[in-house]
Every structure is written in structure tokens, then in C-alpha cells.
Amino acid sequence: MSIPDKPNPLIDAYNHGAREDSPVRAIDEQTPRVAGGGRYQLHHRLGAGRLGDVYKGVDTKLDRQVAVKLIKPEIAAKAEVASRFAPTVRALGRVTHLGLLHIVDFGQDEEGLYTVTELIEGPSLAFLFEEMRTHSQWLALAEALDLVRLVAQAADALYSQTNQALRIMPEKIKFRGMAGYALPAEISPMQPVITDLCLDPLLRMNLLVQLLANSPTLPYFAPEEILGDGTDIRSTVYGLGVLAFELVTGRPLFAAQTIGEAVDMHLNRGLPSPQLLQPALPTALAALITKALARKPVERPPVPRAFLDELNSISITLAAEAIPPTAIGGAINLHALCEQGKVAYAAVGVLLPANVVSQPAPPPLAAQMPEKRRGIQLVAPDGTETFVHLSKAVITVGRAPDNDLVIDHPRVSRKHARIEATGGDYRIHDLKSGNGTYVDEQRVPPEGVLAWPAAAQVRIGDHVLLFHTEVEPLALQLVAALPPPPALIQIQNLGITIERSRLSVSGDGASAAFYLPQSAVVVDPGAQTTISVVLLNLQTTATTFAIAVKGPPLPWVTVNPTVYELQGNEQHVATIEITPPRVRQSRAGTYSLQLEVTDRQQPAQVAAAEVKLKVKPFTDFHVEWPSPQTQVGDPLPVRIENRGNTPQSFKVMWWEEGGQDLLFEPAEAKLDLLPGETKAVQTVAVLRTQRWLGATKAHKIKIQISAPGRTQPWDGVLLSRGRIRMG
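Throughout, a residue's number is its position along its own chain's written sequence, starting from 1. Two thresholds apply to this predicted model, a pLDDT of at least 70 for residue-level local features and 80 or more for giving and counting side-chain atom pairs, whereas whole-chain, interface and lining totals are computed over all residues. As a rule here, side-chain values cover all heavy atoms of the structure and leave hydrogens and water aside.

A. Looking closely at the packing of helix H4 (residues 125-134) against helix H9 (residues 233-249). Orientation of H4 relative to H9, taken along the N-to-C sense of each, is 20°, at an axis distance of 12 Å. As far as their axial angle goes, H9 and H4 are roughly parallel. Relative to H9, the crossing made by H4 is left-handed. For the pair formed by H4 and H9, the contact residues are Leu-125, Phe-129 and Arg-133 on the first element and Leu-243, Glu-246 and Leu-247 on the second. To get an axis, a line is fitted to the C-alpha atoms, and for a helix only the part in contact is used. The angle between two axes follows their N-to-C directions and goes from 0 to 180 degrees. Numbered from the N terminus, helices here are DSSP runs of H or I no shorter than four residues, and strands are runs of E no shorter than two. Small angles under 35 degrees read as roughly parallel and large ones over 145 as roughly antiparallel, with 65 to 115 read as roughly perpendicular and the rest as oblique. If you view the pair so one helix is near and one far, a crossing is left-handed when the near helix is turned anticlockwise from the far one by less than a right angle, and right-handed when it is turned clockwise. Any two residues having at least one pair of non-hydrogen atoms within 4.5 Å are treated as being in contact.

Here you go:
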């Protein structure tokens, strides 16, 4: 087998979480590096991890290839690491499971601490994810669930034998080819192996350093880990939920590139529904994934075994049903995928072991998607942009949640429009919308259709839709537009790199500093959101920080606790809770909050920054209606109180139901009310034709009050009689 002698930065990036700009050092061929007193000869570096570098080597005593990890000297020199290293690795070495990396040796020599494990080469699951997306392929649902089950079994084995949790990451999952083994039917011919040795607890590393160094894995970090609240085995269950979500939907849970984006995703945005992306997904499976992804650990399955038991019961059900493949294009099985990945991986310098036997891929179960796809750029009134990937021939647009493209705005009808693709052409249908659909300046006739040229813009309410090309062919989804790369600053004593614009320090000789992952937050009255503040102690000694929020007196903005004690060169994620009640006093608008962090040992050291808080509007009102039975010709007053948190325009309409006898003067009226304001309006109904003879007649009438997002009707009766009474 041909083995390349040079390290490959691309392999580092895919399989070891290394940054693209990480230095990659080749071993001096004149003086081969060794470990274990010369027993292990190191050929080349495979990648850089958090604890140290991993090398491909040869065990000269047993004449076999191995992987050798050399612990970084600065880490090995710590007393707590040196004392706990041997017991930790020895305990991990006693765990026997096909899904866990086998530890064959460990020790200490002149190079320092080292571990030796079996060598598993080839592409990681993360690499295979990208390979499938490139070729518009995905695993069938049954095989995707089998892969999740095998990873869950490995996590369960580790926890049950060592009481230790692990972090699930596609970058740390590879495949051991099982060809040539006499295997029971229930064992996969391509066994996933978790290649992480789970030695992180030795280091007790700073969380922020890990997050910034491993941005591709951010979606797999549990909320409590990102917020620094501590982790346990339920964080592993969360990782299994993220893995299951990506495998059954064909897309990541979210696309975060920085810790700030990850905090915002976890705290301020709802998780996407698996069934929304894959409608054919069984409800029980979607419920299990959603439960594993619960923000609060207590709401998740307590251990991997509990997750696995529920998954196994679902898998049995699926085996008896005709479930379509969970595919974003053609279907592919795992073995064929690894063969395909081996070819792609070889192109960047690494081959899979020879015992992986090539098998032909099955014929595709669905047509491949076109290489080029059109997408829609949706521009909101405030300039916010989102992109919609087009993978359906017909897409519905409207305010109702069951539309393919949901635009939650009062000027958009519940079922507003429909976009249809025929060949390479697109047309847009208006579905009797209230405010119309426009192609450039031409209105689409109600229930009519117009062509949508590539260069034209479509206007729906106050939103604009534009065409884009070269969109990644995934299932229909909304993806936030990425801003230009931010300017970065490195804090050397903390070993972190963060966005300069979001760092606040206390000036010269700074001791107090903090980092804001998000500089603006949005909240609905009656809901809750948080502002995350990453406190940074820039000193080498312990100190105490106090947090204060200044600005408009908002009783629903709270900091608890307000005081934090940090060790030297330490950071901690503090949270500010924002819980505006759904009352008119929670006025809609944008508020400027001033955050101040003070070093209590040096009160002059104060770091400050501004956060924009947007409170969204809501509509609520109270109506005093007229008497339910009134004489024709008497006034019909309506009194409206605006109980919402923003100025509103109310439209009042009067009409006769099922008759043409009455004339209302006026037939409609408009009221503009400030929050808390009350106004009255009235009409008078008269007979179109005066009756001279006849008994009393009842006329059914309706009154309707409309405001953005809400309509309230009223039914009543008006009585009329002839001028000359009969009988």
C-alpha cells in the first residue's frame, strides 16, 4: 500500500479539527522521531489535536502500523496531568467495543507522555458528509439510523464501563472495514469508530479555546457546554441527537462559524423540525430527535442506553414499513459511500486500509439533482436577507406556517402566492392575496399568473424576492446570509482569537474585559431571551467582576448573579435575562442597553459596551359592542381600547348578513390608537325602502374589527317595523 510521506493540511482540517492556518511540521527524514524508547518509529504527522500531535508510526516489536499521540510538553508538565494520566488511560484501555478506538500502549519517555492506538486511516464521517453533498447523494433512512445506533452503542459502552461521557463529532468518527471477518448479521460491515481518546478531562481546558479552535464542530456542542454550565452524560445524548438530525435530514442542525453564532442559535432561535425538512420522517423518530436536542439536559433521555432503546424500537417498526429513503438526491449505501470517499480521500494524499473490499454501488433510487440550482434571495423591509434553496417544482408563499416559504408579516396573506418551475422557467401565481403580488411594477391578477424572468424582482407585501443561481442542492431550507469576515484580535495569555468589534476592555492596563457574542437581540413580549456576556480576566491573579445594565428603566431586564469571581486568565459566560410581559407597557421598539463590567478590586477599571434590544410588536384590543338588539335608526356605537404595545390602525365595518334591506352610514370607519388609548365610533342603519305596512322584522347584522394579524367579529339584530302597525 502506498503511504504518502508528507503531512496534508486538508486532512488535518477534516479529521483533527485543525485550523487551516495551523503550522504542519514534517518529521526530519534524516533523524526519524521515535517514542516508547525507540519501539515506535514515527513516519509523519496525521494532525494536531487539543492535547498533542498524532503521528502515523510502526510498532517495530510487532511489525504493525499504529497511531501515536505525543502529549504536548506544556500539558504533560502539569502535576495533575502527570498524576492522572496513567489511571485514566488504563481505564480507557480496559473498555472493549468495536466502536471505540483500541488503546494498545501508553507511557512516558524522554519525549514525554504518549499513547499508542490502532491506526484507522481514511475519511472521517465529516468528510463523507461533504462527499455526499457534492454528489447529491445521501444514506437511506434505515442505514442512517443504523449508523446512529452503532455510535450510540459505543457511547453506551464507554459510559457503562468507565462512567465517562464523550463528545460526538463527525470529525472524530471513522470506519473500520470488517471484510474478512466472520460477522453476525447484526454487525455492520463498515463499523463506525469514535477515534477520540476522551482525554479532555485530564486538561480541564478552557471551553472558549475549544470552541474557537473547532468551529466546524460547534453544532455538536450542547447548550450547557457553550454557556460554561458544566457537562455530563446528557451532553453526549445531545450529540447523538445532532448526529441523528444531520443523518436523517441531510443538513446540519445549524451553520455556526463562531461561538457568538452558536450562543445565538442555542438561546435565541428555535431548532428546526426534522419533519419540516423530511415530511416522510416517522413521528416517533422526529420526537426522539427533538427530545435529545432539548435545551435543558433534564428533558433529554438520561443516558445513551435510554436513547438507544427508543431508537431500537423505532428501527423495528421501520423494518416492517415501506419508508422512502432519506435522500437529498440519489441514494447510496454506507459501504459504497466509503469506497467513493476512499477515491476522493486518496486524491488528497491518504488511502484506506487494504482490507476494505470494494463493492459496486447499488443503482440510484432517485434521479440526481441538477448541478446548478436556482435560489431565491428574500429581502425583508429592514434589509435582512435570507436564501431559499429551490428543490421543489412548486413552492407556496404566505404567512401561514404550512407554507414552504413563510413570511410572517401582516401585509402578507396566509396563502399569498405560489411559485412554479417548468423546465428552466418560473411563473408566479397570486392566490387572491389581500395586498397583491407584483413582478417588477406589474401586478399579478388575483388568481392569475405571470412569468418571472431571471432579472425581475417579485414584491410580496413589503418583502422583495430575487433570483440567485449556483445554490447548493439541499432540501428546501432558509440559510442566513454570511457577513464579510470580521476583524480578529488575539489575546495571547488566554490563547484565544475573537472578533475585535465585540471585545470591550477597561483601557490602559486593562484587567476587566468582556466579549459579546451578539450585539443585538430580539424578543417577543411574553417570551424570554438572554444576552450572553463572556467575562475575561486578563490578569494572572484572581479578581471579582460586577455586571451592571444601564439605560431605560426596564424591570424585565435582570442580571442574576451580578458578581462573578474569576481565577487568573479565566473566562466565564454570564447571562442577562430579558422577559418582557405581554402587556402594553412592554412598548415595541429598539432600546439601547449599556453593559458595564467593573473590576471590584480596581473600581476604576470599567469595560463598557452597547447592546441593542428590539422588542417586537403585538396586537391586542378590547371592544365594547352595542346592545345585541337595537332598533333601526338608533346609533350603533363601538368602543375600542388598544391593549397592544404599539400604535395600531383599526378598521370597523358594518353590514347586513343575508339581506339587502339596510343601508349603513358610514359602512366602515378607521381608528388610529396609541397603546392604552380608547376611542369610540358609531354608525346608523336605515332602511333602503321605507315600509308602510308590516309587523316587526329582525335584520341580522355583523360588525367586524380588523387590526394587523387579528380580526374580531360580532353578530347582532336590528328591528324594523312598518309605519302603520298591523294587528
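Further notes follow.
B. Empty space enclosed by the protein, seen in detail. Using a grid of 1 Å spacing that covers the protein atoms alone, one calls a set of points a cavity when a 1.4 Å probe fits there but cannot get out, and a pocket when the set is open and has protein on both sides within 12 Å along at least five of seven lines; lining residues are those with an atom within 4 Å of a point. Grid points are joined across faces, edges and corners, and a volume is the space filled by probe spheres set on the points. This model, assessed by the stated rule, comprises 6 cavities of 30 Å³ or more. Within this model, the largest cavity holds a volume of roughly 100 Å³. Forming the walls of the largest cavity are Leu-92, Val-95, Leu-100, Leu-101, Ile-103, Leu-158, Ile-194, Asp-196, Leu-197 and Cys-198.

C. Here's a closer look at the sheet that holds strand E14 (residues 405-406). An order of E14-E13-E15-E16-E19 is seen for the 5 strands of this open sheet, with the pairing classed as mixed. Here the strands that pair on one side only, and so sit at the sheet edges, are E14 and strand E19 (449-451). For two strands to pair, DSSP has to find at least two bridges joining them. Of the pairings in the sheet, the one linking strand E16 (residues 425-430) to E19 comprises 3 bridges and is antiparallel in character. Bridging across to E19, His-429 finds its partner in Val-449.

D. Here's a closer look at the nonpolar core. As used in this record, nonpolar core signifies buried Ala, Val, Leu, Ile, Met, Phe, Trp, Tyr and Cys residues forming a set joined through side-chain atoms within 4.5 Å. Relative accessibility thresholds used throughout: buried, under 20% of the residue-type maximum; exposed, over 50%; partly exposed, between the two (1.4 Å probe, protein chains only). Core analysis: the biggest nonpolar cluster contains 63 residues, and Phe-129, Ile-168, Ile-194, Leu-243, Leu-247, Leu-285 and Phe-307 have the highest contact counts within it. Non-local contacts of Phe-129, meaning those with residues more than four positions away in its chain, are made with Trp-138, Pro-170, Tyr-220, Leu-243, Glu-246 and Leu-247. Within the second largest apolar cluster, 28 residues are counted, among which are Trp-556, Val-557, Tyr-564 and Leu-566.

E. Representation of unusual backbone geometry within the structure. Here the amide bond leading from Asn-560 into Pro-561 is cis, since omega sits at 0°, within 30 degrees of zero. Along the chain, Pro-561 turns up in the loop between strand E30 (557-559) and strand E31 (563-566). Here the residue pair Glu-665 and Pro-666 is connected by a cis peptide bond, since its omega of 0° sits within 30 degrees of zero. Within the secondary structure, Pro-666 sits in the loop between strand E39 (662-665) and strand E40 (668-673). Phi at Asp-63 takes a positive value of approximately 55°, unusual for a residue other than glycine. Turning to its location among the elements, Asp-63 is positioned in the loop between strand E3 (52-59) and strand E4 (64-71). The phi angle at Lys-432 is positive, at roughly 60°, despite the residue not being glycine. The topology assignment puts Lys-432 in the loop between E16 and strand E17 (437-439). With relative accessibility at 57%, the residue Lys-432 sits in the exposed group.

F. Representation of the side chain of Ser-720 within the structure. Topologically, Ser-720 is positioned in strand E43 (residues 710-720). The class for Ser-720 is buried, based on a relative accessible area of 5%. Among the polar contacts listed, one links the side chain of Ser-720 to the side chain of His-699, at a separation of 2.6 Å. Excluding residues that lie within four positions of it along the chain, Ser-720 makes contacts with Val-632, Leu-687, Arg-691, Ala-695, Thr-696, Lys-697 and His-699. We call two N or O atoms a polar contact when they sit within 3.5 Å, provided that within protein one can donate a hydrogen and the other can accept it, with sequence-adjacent residues counted only if both atoms are side-chain atoms.

G. Structural detail: H9. Expected helix span is given by 1.5 Å per residue-to-residue step, counting one fewer step than there are residues. With 17 residues, H9 extends 25 Å from end C-alpha to end C-alpha; this agrees with the ideal 24 Å at 1.5 Å per step. Counting buried positions over the 17 residues of H9 gives 16, a clear majority of the element. One or two residues past the end of H9 sits Gly-250, with phi positive at roughly 85°.

H. Seen up close, the sheet that holds strand E2 (residues 40-48). In space, the 6 strands of this open sheet follow the order E1-E2-E3-E4-E6-E5, with antiparallel pairing throughout. At either margin of the open sheet sits one strand with a lone partner, and together these are strand E1 (33-35) and strand E5 (103-109). Each adjacent strand pair in this sheet contributes to an overall mean axis angle of 40°, direction not counted. Note: E2 against E3, 7 bridges, orientation antiparallel. Looking at the pairing, Ala-48 lines up with Asp-53 of E3. Packing of helix H3 (residues 79-93) onto the sheet brings it into contact with E4, E5 and strand E6 (112-118), and relative to E5 it is tilted by some 165°.

I. Quick look at the pairing of strand E28 (residues 529-537). Of all 9 residues in E28, 9 are buried, a share of seventy percent or more. Residues of E28 alternate between two faces, with Thr-529, Ile-531, Val-533, Leu-535 and Asn-537 on one and Thr-530, Ser-532, Val-534 and Leu-536 on the opposite face, all of them buried. As paired elements, strand E26 (residues 512-515) and E28 share 4 bridges and run antiparallel to each other. Of the residues in E28, the one forming a bridge with Ala-513 is Leu-536. Relative to strand E32 (residues 571-578), E28 runs antiparallel, the two being bridged by 8 bridges. Across the sheet, the residue bridging to Thr-530 is Glu-577, located in E32.

J. View of the packing of aromatic side chains. A pair of Phe, Tyr and Trp rings is counted when the ring centres sit within 6.5 Å of each other, with Trp represented by its six-membered ring. The angle between the planes then sorts it: under 30 degrees is stacked, over 60 is edge-to-face, the rest tilted. Taken as a whole, this structure holds 5 aromatic pairs when the rule is applied. For the pair Trp-625 and Trp-714, a centre-to-centre distance of 5.9 Å together with 10° between the ring planes defines the contact as stacked. Note that Trp-625 is positioned in the loop between strand E35 (621-624) and strand E36 (629-631) and Trp-714 in strand E43, a separation of 89 residues in sequence. Classification of Trp-625 by relative accessible area gives partly exposed; the value is 24%.

K. Region of interest: the environment of Asn-642. Tracing the chain through its elements places Asn-642 in strand E37 (residues 635-642). Remark: the alpha-carbon pair of Asn-642 and Gly-676, spanning 34 residues in sequence, is separated by 5.3 Å. In this structure Asn-642 touches Arg-584, Asp-620, Phe-621, Pro-647, Gln-648, Phe-650, Leu-673, Leu-674, Pro-675, Gly-676 and Glu-677, once residues within four positions along its chain are discounted. Within the structure, Asn-642 has its side chain in polar contact with the backbone nitrogen of Gly-644 (distance 2.9 Å).

L. Here's a closer look at the confidence of the model for the protein chain. For every residue, the predictor states its confidence as a pLDDT score lying anywhere from 0 to 100. The predicted model of the protein chain has a mean per-residue pLDDT of 75, with 72% of residues at 70 or higher. A low-confidence stretch, residues 204-215 (pLDDT under 50), is modelled with 35 contacts involving residues beyond four sequence positions or located in other chains. With pLDDT under 50 throughout, residues 342-373 is counted as low confidence; its partners more than four residues away or in other chains account for 74 contacts.

M. Local environment of the pairing of E39. Alternating residues of E39 divide into Leu-662 and Phe-664, all buried, and Leu-663 and Glu-665, none buried. In this sheet, strand E41 (residues 678-687) lies alongside E39 in antiparallel orientation, the contact comprising 4 bridges. The partner of Glu-665 across the bridge, within E41, is Val-684.

N. The packing of H9 against helix H12 (residues 283-292), seen in detail. Put simply, H9 and H12 touch, their axes get as near as 8 Å, and they point 140° apart. On the basis of the axis angle, H9 is oblique to H12. The chirality of how H9 crosses H12 is left-handed. Note on element contacts: H12 touches H9 through Leu-285, Ile-289 and Ala-292, opposite Val-237, Tyr-238, Gly-241, Ala-244, Phe-245 and Val-248. Throughout this entry, Asp, Glu, Lys and Arg are counted as charged residues, while Ala, Val, Leu, Ile, Met, Phe, Trp, Tyr, Cys and Pro are counted as nonpolar. The remaining residues, Gly among them, count as polar. When the residues that make up the contact of H9 with H12 are grouped by side-chain class, the tally is 8 nonpolar, 1 polar and no charged.

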